[in-house]
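# Architecture at a glance
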Amino acid sequence: AGAGRPGGWRPLGRMIAVVIVFSCSAYFFGLYSYSRNLWPLEILRKVKNLGAPSQQALGVFDEHGRLVAYPNKIRVNCPAQTDSTAVILTIGQSNVSNYAEKKVVTRYPGAVINHFDGQCFVASSPLLGAAGEHGEFLTLLADRLISDGSYKAVVIASSGIGNSLVGRWQRDGDLNEMLKATLMSLSNRYKVTAVIWHQGESDFFHRTSAKNYVSSFESLSETLVEYGAEAPIFAGIATKCASEWREGNPIATAQHIIIAAEGVYLGIDADAVLADGDRGADKCHLARSGQEKMAASYAAAIRKVHDSP
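The following paragraphs examine the structure supplied in this document.

Rules and cut-offs
Residues numbered from 1 in each chain as written. Predicted model: local features only at pLDDT ≥ 70, side-chain atom pairs only at ≥ 80, totals over all residues. Heavy atoms only, no water. Helix = DSSP H or I, 4+ residues; strand = E, 2+ residues; numbered from the N terminus. Areas by Shrake-Rupley, 256 points an atom, 1.4 Å probe, with all protein chains shown as cover. Expected span 1.5 Å × (residues − 1). Buried < 20%, exposed > 50% of the residue type's maximum accessible area, 1.4 Å probe, protein only. Arc of directions from axis to C-beta. Contact = heavy atoms within 4.5 Å. Core = buried A, V, L, I, M, F, W, Y, C linked by side-chain atoms within 4.5 Å.

Attention now goes to the overall build of the protein. In terms of regular secondary structure, the protein is built from nine helices and 10 strands. For the protein, the accessible area works out to roughly 14,900 Å², and carbon and sulfur atoms hold 58% of it.

Structure (structure tokens):
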């Protein structure tokens, strides 16, 4: 019996090795998918919440991944637009959507509004119209514009989609079609006064060329003008997500080219301004301090253009 023991241990050793390799692979894939909102992250989030109390129920999403319904949203009458009303359209990917750490509620429920599909709601995280169901910085941005006296009311049309490439936003892209529908719905009551474009991390990962990025953005800009959003565009330098990032990459170069164009202004250089502590454990999405910094920077940029002669 003793002579046969070493041979008997070999299958067990192989099984242990297989388990270790599988566990390591699953762990690193989990980190990778979490940082980019890839499958199976949304499935895992849903499973996690199956047994949650009713107040924690997940929202309803459409075919584009936009949040179209969420518990306890407070519907209000849409305010009339005046010269002191900001109407801000926000587009891009997860960091301008509902993927941030801290859920927030406006301090000005009568003045800071989330517009979606022809209806208005008191602005609170997560905002209807964008992907994700966590926190965001846009409500904080709107509150700043009210508190500093720049505007008396702010209407947010949040339309960011996590993990989206710029090519999806250009003419004939699926998100371009979604954008057109959003603009048409918004134009029934409001005229856009500012556009926030915060996107680029996915294109960095997929190695989009600077030339193609600029071309896609120009096509997107043409759609905005064609559908009545002839407003200043506030763009971010946004390429950093997870550990493989490098400075001076083609997407950052493209974003600097975009910002040099007429009618486009720097909203934030997120690659430079956000420290490691301003992002979550995935090194990509916004922690609470990152939400505050994004809100402050974009508010300052909008205020500067608004106050200029």
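That was the structure; now back to the text.
We now examine helix 9 (residues 288-307). An ideal rise of 1.5 Å per residue puts 28 Å on 20 residues; helix 9 measures up with 28 Å between its terminal C-alpha atoms. Along helix 9, the residues classified as buried are G290, Q291, M294, A295, Y298, A299, A301, I302 and V305. Seen from one end, helix 9 has its buried residues packed into an arc of 165°, which puts them on one side. Facing away from the buried side of helix 9, by more than 90 degrees, are the exposed residues K304 and D307. Residues of helix 9 that are buried sit in contact with strand 4 (85-92), helix 3 (138-147), strand 8 (194-198), strand 9 (233-237), strand 10 (264-269) and helix 8 (270-273).

Moving on to the nonpolar core. By size, the foremost hydrophobic cluster in this structure holds 38 residues, and its most contacted members are L89, I91, W169, V192, W197 and L224. Only strand 4, strand 7 (153-158), helix 4 (174-187), strand 8, helix 6 (210-226), strand 9 and helix 7 (250-259) provide two or more residues apiece to this core. What V192 contacts, discounting residues up to four positions off in sequence, is V87, L89, L183, L186, A229 and A231. Membership of the second largest hydrophobic core comes to 33 residues, among which are F137, L145, I196 and I268.

To continue, consider the side chain of T223. Topologically, T223 is positioned in helix 6. Setting aside residues no more than four positions away along its own chain, T223 makes contact with N176, L179, K180 and L183.

Geometric values such as these leave the question of function open.
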